[in-house]
Amino acid sequence: MRNVLLATAALTLIAGPAMAQSFNDPQWTGSVGYTHLDSGDESLGAVTGRVGAKVSQYIGVEAEASFGVKDEDITVAGVDGTVEHDYDAAVYAVASVPVSPNLELFGRVGYGTTSIKADVAGFTAEEDGESVNYGAGANYFFDGQNGVRADWTRRDFQDDAGGEIDTYGLSFVRRF
């Protein structure tokens, strides 16, 4: 946790002057795609939407929200049930590096909330968790506006139960 906070502080110090240069005219992006959530025990799926703003060539912010579309069948003490991803939402600071006019690599760090539900033999339990999130990915644009995004993000839960979930996403992305 301390390393994530130090990295965020360093990013903020570097980003301050860059944000002042183009904060009035950010480059907006939007994306929609599929996210696979893997906790080791369960494998769930979600549709994810994002909105981002690059305030300089290298620094930006983004917000995302997802809702579950793929559940996992489970068996507890011989009784069948399901685990489902209800929703999640997060905000991120994003650092990106343009590799070519069409390809950019990025890293991101942020904070989010996730809700997962289990239903076994008519009994439902819901678990909400707050997490520090960090990850990396790439955007490839076919033209100046339309492209694809691939990313990996780890959600490091801060609640009593702790734990981690890795997410892998593939999305359509558009620059505005």
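As shown above, the structure is provided for reference.
My aim in this report is to walk through the structure given alongside it, one point at a time. Note that the structure is a prediction, hence the values are computed from the model and not measured.

We now examine the overall build of the protein. Helix and strand counts for the protein stand at one helix and nine strands. Listed by position from the N terminus, the elements making up the protein come as α-β-β-β-β-β-β-β-β-β. For the protein, with 176 residues in total, the buried portion stands at 38%. Across the protein, every contact between residues at least 6 apart in sequence was considered, and the portion connecting residues at least 24 apart equals 55%. Of the roughly 9500 Å² that the protein leaves accessible, carbon and sulfur atoms contribute 61%.

Okay, the environment of valine 32 next. As for its position among the elements, valine 32 is in strand S1 (residues 27–38). Residue valine 32 is classed as partly exposed on the basis of its relative accessible area of 45%. A C-alpha to C-alpha distance of 9.4 Å links valine 32 and arginine 149, two positions 117 residues apart in sequence.

Now for the nonpolar core. Among the nonpolar cores identified, the biggest contains eight residues, and these are Leu37, Leu44, Ala46, Ile74, Val83, Val120, Phe157 and Ile165. Look past the residues within four positions of valine 120 in its chain and what remains in contact with it is Ile74, Val76, Val79, Asp80 and Gly81.

Evaluation of the coordinates by the stated rule reveals 10 salt bridges. Between glutamate 104 and lysine 54 there is a salt bridge, with its nearest N and O atoms 3.0 Å apart. One end of the pair, glutamate 104, is in strand S6 (residues 103–120); the other, lysine 54, is in strand S2 (residues 43–54), with 50 residues separating them in the sequence. Pair check on accessibility: glutamate 104 and lysine 54 agree, each one buried. Here arginine 149 makes a salt bridge to aspartate 151, at a shortest N to O gap of 2.9 Å. Of the two residues examined, arginine 149 and aspartate 151, each falls in the buried class. Taken together, the shared-partner salt bridges connect Arg50, Glu62, Glu64, Arg108, Arg149 and Asp151 into one network.

Cut-offs used in this document
Residues numbered from 1 in each chain as written. Predicted model: local features only at pLDDT ≥ 70, side-chain atom pairs only at ≥ 80, totals over all residues. Heavy atoms only, no water. Helix = DSSP H or I, 4+ residues; strand = E, 2+ residues; numbered from the N terminus. Buried < 20%, exposed > 50% of the residue type's maximum accessible area, 1.4 Å probe, protein only. Contact = heavy atoms within 4.5 Å. Areas by Shrake-Rupley, 256 points an atom, 1.4 Å probe, with all protein chains shown as cover. Core = buried A, V, L, I, M, F, W, Y, C linked by side-chain atoms within 4.5 Å. Salt bridge = Lys/Arg side-chain N within 4 Å of Asp/Glu carboxyl O.

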